[in-house]
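# Observations on chain architecture
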Amino acid sequence: MLGVFVCQCGTNIAATVSTDRVVQAAKSMLGVVHAESIQYTCSDPGQRAIIDAIQQKGLTRVVMAGCSPRMHETTFRRAIGRAGMNPFMLEMVNIREQCSWIHSDIDEATEKAIDLVRKGVARVRRQKPLQAGSSPVTRRALVIGGGVAGIQAALDIADAGIPVTLVEKSSTIGGNMARLDKTFPSLDCSSCILTPRMVEVKQHENIKLMVNSEVEKVRGYIGNFEIDIRKKASCVIEENCTGCLICQEKCPSKAPDDFNVCAGESKAISIPFSQAVPLVASLRKEYCRLFIKGKCSVCQKVCPAGAIDYEQEDIVVTEKFGAVVVATGFGLYDWKQSYPTYGMGMYPDVINALKYERLLSASGPTGGRIERPSDGKEPRDIVFISCIGSRDESVGRPQCCSIGCMYMAKQAILTKEHIPDSQSYIFYIDVRAAGKGYDEFTRRAQTDFGAIYIRGRVGKIYPRGGKLVVMGTDTLAGDQVEIEADLVVLATGLTPAEGAGQLARRLNISTDGQGFMAEGHPKLKPVETNTGGVFLAGACQGPKDIPASVAQAGAAAAKVIGLLSQEELETSPMVAEVNQLKCAGCFKCRDVCPYGAVEAQDARDGQVAHVIASLCQGCGLCNVACPPGVISLKGYTDNQLIAEVVEVLR
Amino acid sequence: MPKTEVKIIGFLCNWCSYAGADMAGTARMKQPASLRVVRLPCTGRVNPLLVLKAFREGADGVLVSGCHPGDCHYNEGNYYARRRMEVLERMLPALGIDPARFHYTWVSASEGAKWADVVNEFTRRVKQVI
């Protein structure tokens, strides 16, 4: 007793596929006792109509021709479940995303839709009722990345009483936000709003903070992840270190100051900044004299707390988690190779905006005095150039960095505050200031702080007499512009953080063309990923500003809390099953199973395979590997697939 | 005389290529109406015999597409698929099937445009040899 429901999806389907013809064709298919077309099957009246038909005609199998199963399979499983049917006796036939939306010829599209429905009918006729299983949930969350998004997510989850482990690969949390001087559009002091949150993380009884740590291996699935975290050796015993900084003062080995974007210099053993959390030194072996030349040990001698341990080794801890939030943030586009006319990094006074931010910051290497990197002089004329490595097809980076327009305005304002007789010039393509209070802010930069906005790109920068000549176009005036600048600040595009791609692979989540992590659905699943139990927060998913990152982190936390407040999770019943009467016990299935879900069981003559349903993830590898074909994946059996192929080609 | 419309069976994994095909649809990327997609959890579920079955039932072409190697939702399913499909492709001439009618590829969930290209290009290729 099979029913076929053809969704018109308004005109989304009906404009290209004749749903009436599909219904007519369906009525003559084997086993079909009911077929109808409904304007919106997913709507309340639509679902009502399906339930009524099931109950009146006594349907036992349903084909839903409409949108992608990735969209509404769950919706319709629930609907037919409400009608008293087994929810798995449903087949979704995709005649929208993979038919009506990609074709224009009505006859062709309709013929294809009929083929697809015939395929669905053949498949569901061979479907057996299935019962969803359940698995227990580990009530602990992992947050990867300790920037503002990771901090927010960790705090929100921990506040709900759920234990959280926050993993950060550098030696302190805070991320990129900790490097900012002020934030737009309120000009809040970045440290003043962030550092209390960082301290809260450290003190929270439900948060375990792991710095210098990275996720190395991920096993398991939603509710039951088992994750290896590598804590890299920092040569400092975290519990002993008091953050007194004597080691950093006495250390003779110079090292680049990553936190200050190399605006200053640091030491091999250091604490990146004075508000670091945890306030613990760590040693970078690649710069340390002891590890390079074999002689030094100054830090060990001067440390009053006995916290230095050169023998320290990496530790790998394995922990169980029910959910994961990825908040790895962003990196900056390296402009040097792609913009050769800007000097390829040879002019020290052409810097990126993050480095400029450090020069503006009172906690920066210059104590908040703006100094040109070349000669330490205070600049007068400062040129900002937008969209370097963003909105630029010529370097293969079409997307908007979404924050450049705003932080350029902010930096122009701060520059004026620092140096009242300075003049900022901003080369822009468009001023994109769509947030709350944003447009007003960019206008203030012009009206109250005298920033001069020039619409156009800069073609060339070259040095002349201790200054940098910036040659550009004013596309509004149709003129060439030449500005003698003391300092040039580039608003570079955002990239995923270093290593984000590898992490995405470990977590089995996909990335987009630029390497940002892909959300489950651009509209309806903005924090979910295609891997159950893994959520996204902040700029790892795409360029975004602080308010958006914090909001997304809160949303991800809410999803985690919702997930982990369940005691058990429903598991898919589409797992493999062995016909033990016919199993020869070759265990090829066990060899290919990625989850160790196949075990040997004693039978009358020798051993046969048995699937541990709670471990099986339903990939079907065993189904293909089995020589006599006696292990089969429920819901995707050989019979079903062959029937689909035969019927669709009929 | 070349046929104007051909029938191609596509075996797509649910997590990457099926989602990529959905994405191409959501972006309204026009494609020839040649393809009929069979959704599977993983390309590792594609038995080479199933591909041959499709040819025997009259498919003009068969397309297998999954997650990029290294990105499999089930960690290693597409590695098995890659080996199986590679061997199958080489066996096709011996079975009297033009290997140009068979194609296996990798399209991720975010590669809608690539998916549309794959369908367009493979349809064109199948039409040439049929």
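Residues numbered from 1 in each chain as written. Chains lettered and ligands numbered in written order. Predicted model: local features only at pLDDT ≥ 70, side-chain atom pairs only at ≥ 80, totals over all residues.

### Notes on the pairing of strand E11 (residues 213–221) of chain A
In the case of a regular strand, side chains alternate between the two sheet surfaces. Residue and element names in this part refer to chain A. To keep it simple, the criterion reads: For two strands to be treated as a pair, DSSP must find no fewer than two bridges joining them. A run of DSSP states H or I qualifies as a helix once it reaches four residues; a run of E qualifies as a strand once it reaches two. Both are numbered from the N-terminal end.
Judged from the 8 bridges that link them, E11 and strand E12 (residues 224–231) form a sheet pairing that is antiparallel. Across the sheet, residue Ser213 finds its bridge partner in E12, namely Lys231. Hairpin connection, E11 to E12: the antiparallel pair is bridged by 2 residues, and Gly223 has positive phi, about 85 degrees.

### Comments concerning the pairing of strand E6 (residues 141–144) of chain A
Residues and elements named next belong to chain A. How we decide: As a rule, residues whose C-beta atom has 12 or fewer other C-beta atoms within 10 Å are exposed, those with 20 or more are buried, and those in between are partly exposed; C-beta atoms are placed from the backbone. A clockwise course of the path from the first strand over the helix to the second, judged with the strands pointing away from the viewer, identifies a crossover as right-handed.
Going residue by residue along E6, you find Ala141 and Val143 tucked away on one face and Leu142 and Ile144 tucked away on the opposite face as well. Where E6 meets strand E7 (residues 164–167), 4 bridges bridge the pair, whose relative direction is parallel. Within E7, the residue paired with Leu142 across the bridge is Thr165. In this fold, E6 hands off to helix H6 (residues 148–159), which returns the chain to E7; that crossover is right-handed. For E6 and strand E18 (residues 323–326), the ladder comprises 4 bridges, and the chain directions are parallel. Looking across to E18, one finds that Ile144 is bridged to Val326.

### Description of helix H2 (residues 48–56) of chain B
To keep it simple, the criterion reads: The arc in question is traced by the directions running from the helix axis to the C-beta atoms. Here the contact rule is simple: place C-beta atoms from the backbone, and any two residues whose C-beta atoms are within 7 Å are in contact.
All of the buried residues along H2(B) are B:Leu50, B:Val51, B:Ala54 and B:Phe55. The buried side chains of H2(B) occupy one side of the element, clustering within an arc of 145 degrees when seen end-on. Looking at the buried residues of H2(B), the elements they touch are helix H18 (638–648) of chain A together with strand E1 (8–13), strand E3 (61–66), helix H3 (77–91) and strand E4 (102–106) of chain B. A positive backbone phi angle near 110 degrees is found at B:Gly58, which sits one or two residues after H2(B).

### Here we look at the packing of helix H5 (residues 106–125) of chain A against H18(A)
Residues and elements named next belong to chain A. Quick reminder of the rule: Only the contacting stretch of a helix is used when fitting its axis, a line to C-alpha atoms as for every element, and angles between N-to-C directions run 0 to 180 degrees. Put simply, angles under 35 degrees are roughly parallel, angles over 145 are roughly antiparallel, angles from 65 to 115 are roughly perpendicular, and the rest are oblique. Two helices cross in a left-handed way if the nearer one is turned anticlockwise from the farther one by less than a right angle. They cross in a right-handed way if the turn is clockwise. Polar here means any residue other than Ala, Val, Leu, Ile, Met, Phe, Trp, Tyr, Cys and Pro, which are nonpolar, and Asp, Glu, Lys and Arg, which are charged; Gly is therefore polar.
Look at H5 against H18: their axes get within 8 Å of each other, and the N-to-C directions meet at 150 degrees. One finds that H5 runs roughly antiparallel with respect to H18. Remark: the crossing between H5 and H18 carries right-handed chirality. Taking contact as the criterion, the partners of Asp115, Arg118, Lys119, Ala122 and Arg123 in H5 are, on H18, Gln640, Ala643, Glu644, Glu647 and Val648. Taken together, the residues that form the contact of H5 with H18 break down as 3 nonpolar, 1 polar and 6 charged.

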